[in-house]
Amino acid sequence: MSAVVAASGVRMSYGDTQVLNGVDFTVRQGEVSCVIGPSGSGKSTFLRCVNGLEPVLGGSLRVLGEEVGHTLGAGRYHRWTPKRFAAFRRDIGMVFQRFNLFAHQTALENVACAPIHVAGRPPAEARELALRHLEQVGLAAHAHKRPHQLSGGQQQRVAIARALAMEPALMLFDEPTSALDPELVDEVLDVMKALARGGMTMIVVTHEIGFAREVGDTLTFFADGVVVESGRPEAVLADPAHERTRAFLASVL
Amino acid sequence: MRTEPIITPDGRPIPVARPRHWGRLLAGAGAALVFGWLVLLVVTNPNLDWSAVGRYLFDGQILAGILVTLEISVLATAIGLTLGVLLAVMRLAHNPVLRWLATLYIWFFRGTPLLVQLIFWYNLAFLFPVLVLRVPFTSVGLKWDTNELMTGFTAAMLGLGLNLAAYFAETVRAGIQAVDRGQTEAAYALGMTPARRMRVIVLPQALRIIIPPTGNEFISMLKTTSLVYVVAGHDLMTNASQIYKSNNLIMELLIVASLWYMLMTAVATFLQGRLERRFGSDAVRLVRRNLAGRVFLPKVAA
């Protein structure tokens, strides 16, 4: 199977603070890759590097067959223009911890926004399609509500539908349930499970160990900006190879 | 405040006395006294011809001036708001040249007095007697006599509009920066370019924050137009001054002009209130929720 994401030695820093210290990480077509780790371990930053929201400063990060941020030409790599970045991100969906729904648009407009303004689809067609995506996450009845009229769980499901509307080849989830009240977590996880069963390639940064165990193909443990260990979720959870992993799992389970 | 009598345990109703606000009474009496005295001084002033005020209140030249004042206010505000948004977007652009240009513009127009700018535009003909718009290296183009083009009206419109743009740009910039960073990230993640993100996602949200203060700008503009008097823009103030220069009824015509300015301001204030009710609460809620945890609330009703 081909690698959708192939990272080797990826480094990234904010000023003098080294955030990623040489990350090696691979995701194959159709795989659900769960990422866990303490806060500040660089797992969210790595996810943001994958779709170019943060710049990679060292190493190599290939996503969907391209070196993120640079194109090879005449023996050198040339930095992408904002337009080129935008074109690259069309094929990658992202779901944020704080939803980030467009506050001035209804749920339906949120989902139809990118198909209309990025893919250039006719508005009527895009809205019809958006309604189907909202149906898929069980929110067709709330299509004309504004984000502030929806619960956190509903907002996050709209956000997932919004990302799916561009028919991405890869979905990134950045702690999608961390900002939710406990009773709303399951409705979001259920949508993600359905997506995983449908064969979507996903990277999920999460604290939901149960989710990782149930639908994850791999489980990766991040700490101090590097991958400490990675493997089948049941293997990593049952018998962690590293003391750091063992300590972290003991604190969250 | 309670007005109903209190029933004692044995069933007797005892009335509640109205509280006396001695402070209010005293302040009210004092104010009425001073105010009444001032009004009396003006009304009974033998040097003031009140019938002239009544005569000129609906004078044709005054009414024509009001129309011009409104025209200049609306056009200059429109120029100022449009250009202000453009300048704000330029100031926040990645392109350093655009940023620098906008900063220079704002510095120049805020750094020179409005009066100087008005007189400058009015006298542009001294610098450029003719204005030519021509396709380079050809003779195809348009040509205007600057003196004909730069009437008091156009000078006023340009001067006031360009000046407002410089001030309004800062308001818009604050509005844009108040929109949560997460909105931008979501837009980028969906594949939008920076320009599209600004137009489709950020500006519509920023404008809701910016709309209420535009009412203030317009009210302020209504009265700033009186400066047009120095370039003979035939607005309310110019026309009033032309009348009093011929008949010397200075105070009477100033009262006429003030009454009209006050009426226009009252109407504009009423409309501004409507505008704020329409957009204000929405904008505040938008910003409050987006910036949860951060200390920022726009002063919507400034």
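Residues numbered from 1 in each chain as written. Chains lettered and ligands numbered in written order. Predicted model: local features only at pLDDT ≥ 70, side-chain atom pairs only at ≥ 80, totals over all residues. Heavy atoms only, no water.

1. Observations concerning the overall build of chain A
So, step 1. If you tally the helices and strands in chain A, you get 9 helices and 12 strands.
So, step 2. The C-alpha radius of gyration of chain A comes to 18 Å, within 12% of the 18 Å expected for a compact globule of 253 residues.
So, step 3. If you line up chain A on its principal axes, its C-alpha atoms span 50 × 50 × 35 Å.
So, step 4. Counting every position in chain A, which comprises 253 residues, the buried fraction comes to 54%.
So, step 5. When the accessible surface of chain A is totalled, it reaches about 10800 Å², and 48% of it is carbon and sulfur.
So, step 6. Treating the 25 positive side-chain charges of chain A as one cloud and the 27 negative ones as another, the clouds have centres 7 Å apart. (Helix = DSSP H or I, 4+ residues; strand = E, 2+ residues; numbered from the N terminus. Rg over C-alpha atoms; globule rule 2.2 N^0.38 Å. Buried < 20%, exposed > 50% of the residue type's maximum accessible area, 1.4 Å probe, protein only. Areas by Shrake-Rupley, 256 points an atom, 1.4 Å probe, with all protein chains shown as cover. Lys, Arg positive; Asp, Glu negative; His and termini not counted. Charge placed at Lys NZ, Arg CZ, Asp CG, Glu CD.)

2. Looking at a nonpolar patch on the surface
Residue and element names in this part refer to chain B.
So, step 1. A cluster of nonpolar side chains, Leu33, Val34, Phe35, Trp37, Leu38, Val39, Leu41, Val42, Val43 and Trp50, forms an exposed patch at the surface whose accessible area comes to about 990 Å².
So, step 2. Top element by residues in the nonpolar patch is helix α1 (residues 22-43). It accounts for 9 residues.
So, step 3. With respect to the helices and strands, valine 39 occurs in helix α1.
So, step 4. By relative accessible area, valine 39 is classed as partly exposed at 37%. (Patch = residues over 30% accessible without salt bridge, like charges linked within 9 Å, V, L, I, M, F, W, Y side chains within 5 Å. Salt bridge = Lys/Arg side-chain N within 4 Å of Asp/Glu carboxyl O.)

3. Regarding the pairing of strand β9 (residues 170-174) of chain A
All names here are of chain A.
So, step 1. Counting buried positions along β9 yields 5 of 5 residues, so the element is predominantly enclosed.
So, step 2. In β9, alternate side chains face the same way, and those of Leu170, Leu172 and Asp174 on one face and Met171 and Phe173 on the other are all buried.
So, step 3. Two elements, strand β8 (residues 92-95) and β9, share 4 bridges in a ladder whose sense is parallel. When the sheet's bridge partners are listed, methionine 94 is paired in β9 with leucine 172.
So, step 4. Pairing of β9 with strand β10 (residues 202-205), which is carried by 4 bridges, proceeds in the parallel orientation. (Pairing = 2+ DSSP bridges.)

4. Some thoughts on the interface of chain B and chain A
So, step 1. Each partner contributes to the interface: chain B provides 22 residues, whereas chain A provides 26 residues.
So, step 2. Buried area between chain B and chain A, both sides added, is near 2100 Å², and the carbon and sulfur share of it is 61%.
So, step 3. The salt bridge partner of Arg48(A) is Glu185(B), with a shortest N-O separation of 2.6 Å.
So, step 4. On inspection of chain B and its partner chain A, the count reaches 7 residue pairs in polar contact (both at pLDDT 80 or more). (Contact = heavy atoms within 4.5 Å. Buried area = accessible area lost by both parts, 1.4 Å probe. Polar contact = N/O pair within 3.5 Å; in protein donor to acceptor, adjacent residues only side chain to side chain.)

5. So, the environment of Arg90(A)
So, step 1. Within the fold, Arg90(A) resides in the loop between α2 (82-89) and β8.
So, step 2. Separated by 39 residues in the primary sequence, Arg90(A) and Asn51(A) have C-alpha atoms spaced 9.5 Å apart.
So, step 3. Those residues within four positions of Arg90(A) in sequence are excluded, and the remaining contacts are Val118(A), Met166(A), Leu190(B) and Gly191(B).
So, step 4. At 2.9 Å, the side chain of Arg90(A) and the backbone oxygen of Val118(A) are in polar contact.

6. Some thoughts on the confidence of the model for chain B
Residues and elements named next belong to chain B.
So, step 1. Summary statistics for chain B give a mean pLDDT of 86 and a share of 92% for residues scoring 70 or more.
So, step 2. Of all helices and strands in chain B, the one with the weakest mean pLDDT is helix α6 (residues 146-149) (77), whereas helix α8 (residues 181-189) scores best (96).
So, step 3. Across residues 287-302 the pLDDT falls below 50, and counting only partners more than four positions away or on other chains, this stretch makes 23 contacts in the model.
So, step 4. On the interface metric, ipTM, the complex scores 0.95, and its pTM is 0.80. (pLDDT = per-residue confidence, 0-100.)

7. With respect to the environment of Gly65(A)
So, step 1. Structurally, Gly65(A) can be placed in the loop between β4 (58-63) and β5 (66-67).
So, step 2. Measuring from C-alpha to C-alpha, the distance between Gly65(A) and Val5(A) comes to 8.0 Å, with 60 residues separating the pair along the chain.

8. Considerations on the sheet that holds β10(A)
Residue and element names in this part refer to chain A.
So, step 1. If you trace the 6 strands from one edge of the open sheet to the other, you get β8-β9-β10-β3-β11-β12, paired in mixed fashion. At either margin of the open sheet sits one strand with a lone partner, and together these are β8 and β12 (226-231). Strand after strand, the sheet turns through a mean of 15° between neighbouring axes, direction not considered.
So, step 2. Summarising the sheet, strand β11 (residues 218-223) and β12 pair through 5 bridges and their orientation is antiparallel. (Axes fitted to C-alpha atoms, helices over the stretch in contact; angles between N-to-C directions.)

9. What about the sheet that holds β4(A)?
Adjacent strands of a sheet pair through backbone hydrogen bonds, lying either parallel or antiparallel.
All names here are of chain A.
So, step 1. In spatial order, the strands read β2-β1-β4-β5; together these 4 strands make up an open sheet with antiparallel pairing. With partners counted over all chains shown, the strands left at the sheet margins are β2 (17-28) and β5, one partner each.
So, step 2. Relative to β5, β4 is paired through 2 bridges, and the arrangement is antiparallel. Across the sheet, the residue bridging to arginine 62 is glutamate 67, located in β5.
So, step 3. Strands in contact with helix α1 (residues 43-50) are β1 (3-14), β2 and β4; relative to β2, the strand with the most contacts, it is inclined by about 60°.

10. A closer look at the UniProt feature "domain: ABC transmembrane type-1" (unreviewed entry) in chain B
So, step 1. Here the UniProt-annotated "domain: ABC transmembrane type-1" (unreviewed entry) positions come out as residues 66-272 of chain B.
So, step 2. With 76% helix and 5% strand, residues 66-272 of chain B has end C-alpha atoms that lie 20 Å from one another. (UniProt positions renumbered as here; feature names shortened; annotations may be inferred.)

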